[in-house]
Amino acid sequence: MYSSGIILDIARFASDATVNTMRRNAALLTILLMLVVVSLTGCRPALSFPSAASEPYPYGSQTPRTTPAFKTSATVPAGVDANLSVPILMYHEVAPHTPGMDALKLSLLVTPDQFAQQMQYLKDNNFTTITLDDWMAARVGQATLPRNPVILTFDDGRLGVYRNAFPVLKRNGQKAILFLISNEVGRVAKGYLDWSMAREMQNTGLITFGSHTVHHAVLPPLTTQRALMELSYSKMVIQRNTGRRCDYFCYPHGKYDARVAKLVGVAGYRAATSEIPGWSRVTDNAFELRRVRIDGRDSMAVFRTKLGPGG
Ligand SMILES: [Zn+2]
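None of the values given here were measured: they were computed from a predicted structure.

Draft legend 1. Expanded view of the overall build of the chain. A tally of regular secondary structure across the chain gives ten helices and twelve strands. By residue count, 40% of the 311 residues in the chain fall in the buried class. Taking as baseline every contact in the chain between residues at least 6 positions apart, the subset at least 24 positions apart corresponds to 69%.

Draft legend 2. Representation of unusual backbone geometry in the model. The phi angle at Asn-126 is positive, at roughly 60°, despite the residue not being glycine. You can see Asn-126 is positioned in the loop between helix 4 (112-124) and strand 5 (128-129). On the neighbour-count criterion, Asn-126 (9 C-beta atoms within 10 Å) is exposed. Despite not being glycine, Asn-148 shows a phi value in the positive range, around 55°. Positionally, Asn-148 belongs in the loop between helix 5 (132-139) and strand 6 (149-156). C-beta crowding within 10 Å serves as the criterion here: with 15 such atoms nearby, Asn-148 is assigned to the partly exposed category.

Draft legend 3. Layout of the confidence of the model for the chain. Per-residue pLDDT for the chain averages 86, and the proportion of residues at 70 or more is 81%. Every residue in residues 8-24 scores below 50 in pLDDT, and together they form 19 contacts with partners more than four places removed in sequence or on other chains. Between residues 38-53, whose pLDDT stays under 50, and residues either more than four places distant or in other chains, the model counts eight contacts.

Parameters and conventions
Residues numbered from 1 in each chain as written. Predicted model: local features only at pLDDT ≥ 70, side-chain atom pairs only at ≥ 80, totals over all residues. Helix = DSSP H or I, 4+ residues; strand = E, 2+ residues; numbered from the N terminus. Buried ≥ 20, exposed ≤ 12 C-beta atoms within 10 Å, placed from the backbone. Contact = placed C-beta atoms within 7 Å. pLDDT = per-residue confidence, 0-100.

Pasting the structure below:
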């Protein structure tokens, strides 16, 4: 049922005048996508559970894009404050630091104590966690944000987020979005959460899920067809397993260009998060939302600074 939704999404976006090339290729892409979806659904390899539970954290080693691919909008909808902005915090894994960890891993892993302290700080200082839906509505004047809004995002769908971050979020009533690598969900021994954990989190009404591709694929070098498969198939799998729409996307390694960003729209997503640093601004393109990186080596003083104006 979702594959037909994806095809409708493609048809909808293909009619957009800004994607004339897409329109020319829409029929071909639709047929190709159907074939890809059918072949992947039909022969998905059995999940493997390697015994090594302590594999190195595999993501985040590449340099992300740090400058926008699109010009900022000169105007905002009537009634919307042109200076409106929200900090979108970027987390990866929440797990203890151990001796001998390299700098990259220390940076990507926020410890459970650190995370609990940071969430307590948000609570004590009257920050309200909002969703990307809230932010998208506010950007077009269809919602008013609470004072001190903040958006929590977690890339990769790691097990530590379920084990160590989710209990804190649940206790505090704080909302977050997790960007899942669809092919890794269920590989618990490799350090990823599974669908039952995802549904348990979703059932609290606090946690939603976005896509981070099928294979954590770096998208810019891929052909259009291959990139669309990563975008559409992961969306379909997440929707099928959660029963909810998967409207948001996160670029693996923060890597994208204007072509890739347009394909994210073609695949039916409403917006995408990038690793361009700073608070997300109302004038920014929806397919390159800025984020504030939370580093596992941040002190509370640094965390507080990141929540100051502009990040
Ligand atoms: Zn990632």
